[in-house]
Structure formats: C-alpha cells, structure tokens
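The primary structure of each chain is shown beneath.
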Amino acid sequence: RVGRKNPREGWYSRRYGLIEPAPCLVFSSDQELPFFAATLLFPYRGKEVPSVSFRLEKGHGVFSFGETGEIWIKSRQALKRSLQRLTSKSTLS
C-alpha cells in the first residue's frame, strides 16, 4: 500500500513538515494457533531478480539463494552468520 490515510500507513518523511507516499508491506491473516509466518526482504542491484526463497520447515527457517543450496537456520546466531556469508557473495558487496 502507498500513502493511505485511514489507517495512516505508507508515508515517508525526509524532514519535518514534508510527507511523501512510500510503499509499505501489510500482512493480515485469520489462522488457528499455533501460526508461523516469515517475511524475506532481499535487496539487490541490477535488473535481474535473483533466485531467493525462504520457508519454515520443522520449526527452522530454510533459506535458499541462487546456487548456494539450502541453509537451515536454527538460531539467531546461525541466521546472522548465514546472511553475512550470503551477502558477501552477492552483488551487494
């Protein structure tokens, strides 16, 4: 959504008194508990969209990036190490 007024969402301000519409991500769902969800935001440069996916399986996050295969994330520390390794190989470095 961009620049919604009621409820107020999708705005960006570079300075006091100036607001501009900006894209925002909104998720809502009616599910039975327990419910698990994940959002993957993967910035990249260039026109070609990289092959990236994330899924939850057996209580762990599974991250796939291009040809690196799958990385199973079992803790926050493992997630941090995995993302550092992946981004060092990507076009962001």
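Please refer to the structure placed before this passage.
Residues numbered from 1 in each chain as written. Predicted model: local features only at pLDDT ≥ 70, side-chain atom pairs only at ≥ 80, totals over all residues. Heavy atoms only, no water.

K.L.:
Even after reading the chapter, I still don't get the overall build of the protein chain, so can you show me in this structure?
P.N.:
A count of helical and extended segments in the protein chain gives one helix and seven strands. Reading the helices (α) and strands (β) of the protein chain from amino to carboxyl end gives β-β-β-β-β-β-β-α. Across the 93 residues that make up the protein chain, the buried fraction comes to 15%. Of all intrachain contacts in the protein chain linking residues separated by at least 6 positions in sequence, the fraction that spans at least 24 positions is 6%. Surface summary for the protein chain: the accessible area is close to 8100 Å², and the carbon and sulfur share equals 52%. (Helix = DSSP H or I, 4+ residues; strand = E, 2+ residues; numbered from the N terminus. Buried < 20%, exposed > 50% of the residue type's maximum accessible area, 1.4 Å probe, protein only. Contact = heavy atoms within 4.5 Å. Areas by Shrake-Rupley, 256 points an atom, 1.4 Å probe, with all protein chains shown as cover.)

K.L.:
Can you walk me through the pattern of salt bridges in this structure?
P.N.:
Oppositely charged side chains are able to pair whenever their charged atoms sit close together. Counted according to the given criterion, the structure contains one salt bridge. With its nearest N and O atoms 2.6 Å apart, the salt bridge here joins E20 to R14. Using a relative accessible area of 57% as the deciding quantity, one classes R14 as exposed. (Salt bridge = Lys/Arg side-chain N within 4 Å of Asp/Glu carboxyl O.)

K.L.:
Looking at this structure, how should I read the pairing of strand β7 (residues 70–73)?
P.N.:
If a strand is regular, its side chains alternate between the two faces of the sheet. Burial of β7 is one-sided: the residues I71 and I73 facing one way are buried, the residues E70 and W72 facing the other way are not. Bridge analysis of strand β6 (residues 60–65) against β7 gives four bridges, and the strand direction is antiparallel. Bridging from a neighbouring strand, G61 pairs with I73 of β7. (Pairing = 2+ DSSP bridges.)

K.L.:
Whenever I open this one, a nonpolar patch on the surface confuses me. Can you help?
P.N.:
On the surface, F27, L33 and F35 cluster together to form a nonpolar patch covering roughly 390 Å² of accessible area. Turning to its location among the elements, F35 is positioned in the loop between β4 (18–21) and β5 (52–57). Overall, the relative accessible area of 38% leaves F35 in the partly exposed class. (Patch = residues over 30% accessible without salt bridge, like charges linked within 9 Å, V, L, I, M, F, W, Y side chains within 5 Å.)

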